[in-house]
Structure formats: structure tokens, C-alpha cells
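Coordinate inspection notes
Spelled out from the first residue to the last, the chains are:
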Amino acid sequence: MDSQAIAPGHADPHAEHDEAHPAYLRHHFVTVDQQRETASFGMWLFLLTEIMFFGGLFMAYLLYRNWYYDAFVASSNTLGIGLGTTNTAVLILTSFTMAMGVYSAEIRNRKGLLISLSLTICLGLVFLGIKSVEYHDKYVEHHIPGASFSVEDFVHPTDKRDVPLAPDMAQHAQLFFFLYFAMTGMHALHMVIGISILFILLYQAWHGAYVNGHTSTIDNFGLYWHFVDIVWIFLFPLLYLISRHPLK
């Protein structure tokens, strides 16, 4: 008689072990809940460092705006409000699609998860495409800080609603655009990183991951993506809306 045979009425101890330690449970964690809580704590700690990083940029922007108010207002009025508003709407949509992705993973809806991740990727690429158009416009207008920067649009504005700036004040417009490219550029870099990770998540979800009860990876990435969206929600009014002259 096989010594490994299990007597009738007795549970298989190996089955109990597999159930207690599923494949996605890492060896250095005792329970799935411990693994989930640790991963969540790590993500929140990472986001705290991101808040401090962007907080420094926001503080620098507000400080220099207070010092060179006229130059910053004039520079802000050169930004494309239509493109900025469109990008804001696009990012709000990505927050919705990402939230639906998290929900789909929680209810083990593989098709819904795949669709949500795909839509988030597409909308993220739309955002980056619009931002590249804005950057190209600044290049054409010679509003990229450096040797080729032009103050002509600020000293002799073509829009009658704009107040001409003195040449020395107009030079400080470079500070606005330096911060504009630094802040939106870092935000765009976070978008590129996020989209790259989304492609990995989509590939893994296609092969059946994240719909087996293990959703902490999707949950934590959702936190990252929502953080990136929230950063833009602050960038948009600071760069595009504050003290802007009325639309025609």
C-alpha cells in the first residue's frame, strides 16, 4: 500500500499548505495580508518623497512668481489654454480608466482589466502627444530658455490685452519657462515611466495575472497613476490659469 496515500476523511496537508501560501506570496512574508500591507506602505512612502520633490518645484515657482509677477503673468498668457485644458480632461479620464482597472482586478474580470489598462495607455499617449505639440510651439516662438530665447513677444506684444514689459523685466520670463519645462517635463517623465509599467502590467494581465485575488500590484500602481494626475491638477492652474487675461 502506498505510504503517501491519504486515509479517507483526512485532508491533504500539502493542499492546505498551497492554499495558505499561493504562488504570488513571496517567501519572506507569512501571509498575503502582510505582503499587501507592506507593499502599500512602501508605495505611500515613495509617494511621500515625490510630494517633497514636486513641493520644492511648486515653492520655487510661487517664490519667483511673487518676485517677477509681471514677467510670469505675461509668460503664462503665451501658453495654449486650449491644449492645457484638453490635457487636463484627458488625465481625468485616465484616472477613471485606471480606477476601473483596479475594480476589474478586484472582481476578477480579466476582459475589463485588459480594456481599462489599454485605454489608460492610449489616453496617456494622447497626453504626451499634446504636450509635445506645446513644446514645439515654445520652440517655434523662441521661448525655450537659453541663448536663443526671445523677449520680443513681451517687450512688443501683439495682443492688445498684454502690457508691454521693460526689457529687464522681460528677461525674467526665462525663469517662468525654465520652471515650466522643469515642472511639466518631470511630470511628463513620470507619465512615460507610468505608461512603460502599464505595458508590462497589460502583458502580465493578458497571461492571467491580477485576476486570481492578488491585486496589490494593480492597487499600488493605481496610487502612483492617481498621484501623477493630481500633480497635473495643481500644475494646470498655476501655469495656465492664475492671473490670465480673459479669453476673446
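The structure reproduced in this document is the subject of the present report. Owing to the predicted nature of the structure, the values given are computational and were not obtained by experimental measurement.

Regarding its fold elements, the protein chain presents nine helices and zero strands. Considering the protein chain as a whole, with its 248 residues, one finds that 40% of them fall into the buried category. If you take every contact in the protein chain between residues at least 6 apart in sequence, the share linking residues at least 24 apart comes to 80%. Looking at the protein chain as shown, the accessible area adds up to about 13,900 Å², and 68% of this sits on carbon and sulfur atoms.

Pairing of side chains with opposite charge becomes possible as their charged atoms draw close. A complete count under the given rule lists two salt bridges for this structure. Close ionic contact of Glu141 with Lys138 constitutes a salt bridge, the shortest N to O distance being 2.7 Å. Relative accessible area serves as the criterion here: at 30%, Glu141 is assigned to the partly exposed category.

All right, on to unusual backbone geometry then. You will see that His142, though not glycine, has its phi angle at about 60°, which is positive. For His142, the position within the fold is in the loop between α5 (110-140) and α6 (152-155). The phi angle at Tyr210 is positive, at roughly 75°, despite the residue not being glycine. Considering the arrangement of structural elements, one finds Tyr210 in the loop between α8 (173-206) and α9 (216-241).

This part covers the packing of α5 against α8. One way to put it is that α5 packs onto α8 with a least axis distance of 9 Å and a crossing angle of 155°. In this view, α5 runs roughly antiparallel relative to α8, as classed from their interaxial angle. For the crossing formed where α5 meets α8, the hand is left-handed. Residues belonging to the contact of α5 with α8 are distributed by class as follows: 21 nonpolar, six polar and four charged.

On to the environment of Ala209, then. The residue Ala209 is located in the loop between α8 and α9 in this model. When the C-alpha positions of Ala209 and Ala105 are compared, they lie 9.0 Å apart, and in sequence the two are 104 residues distant. In this view, Ala209 contacts Leu113 and Gln204; residues no more than four positions away in its chain are not counted.

Attention shifts here to helix α3 (residues 69-76). Of all eight residues in α3, six are buried; the element is thus mostly enclosed. Restricting attention to buried positions, one finds in α3 the residues Ala71, Phe72, Val73, Ala74, Ser75 and Ser76.

On to the side chain of Lys131. Assignment of secondary structure puts Lys131 in helix α5. There is a polar contact of 3.0 Å between the side chain of Lys131 and the side chain of Glu134. Ignoring any residue separated from it by four or fewer positions in sequence, one finds Lys131 in contact with Asn87, Tyr180, Thr184, Trp232 and Tyr240.

Parameters at a glance
- Residues numbered from 1 in each chain as written.
- Predicted model: local features only at pLDDT ≥ 70, side-chain atom pairs only at ≥ 80, totals over all residues.
- Heavy atoms only, no water.
- Helix = DSSP H or I, 4+ residues; strand = E, 2+ residues; numbered from the N terminus.
- Buried < 20%, exposed > 50% of the residue type's maximum accessible area, 1.4 Å probe, protein only.
- Contact = heavy atoms within 4.5 Å.
- Areas by Shrake-Rupley, 256 points an atom, 1.4 Å probe, with all protein chains shown as cover.
- Salt bridge = Lys/Arg side-chain N within 4 Å of Asp/Glu carboxyl O.
- Axes fitted to C-alpha atoms, helices over the stretch in contact; angles between N-to-C directions.
- Parallel < 35°, antiparallel > 145°, perpendicular 65-115°, else oblique.
- Left-handed = near helix turned anticlockwise from the far one by under 90°.
- Nonpolar A, V, L, I, M, F, W, Y, C, P; charged D, E, K, R; others polar.
- Polar contact = N/O pair within 3.5 Å; in protein donor to acceptor, adjacent residues only side chain to side chain.

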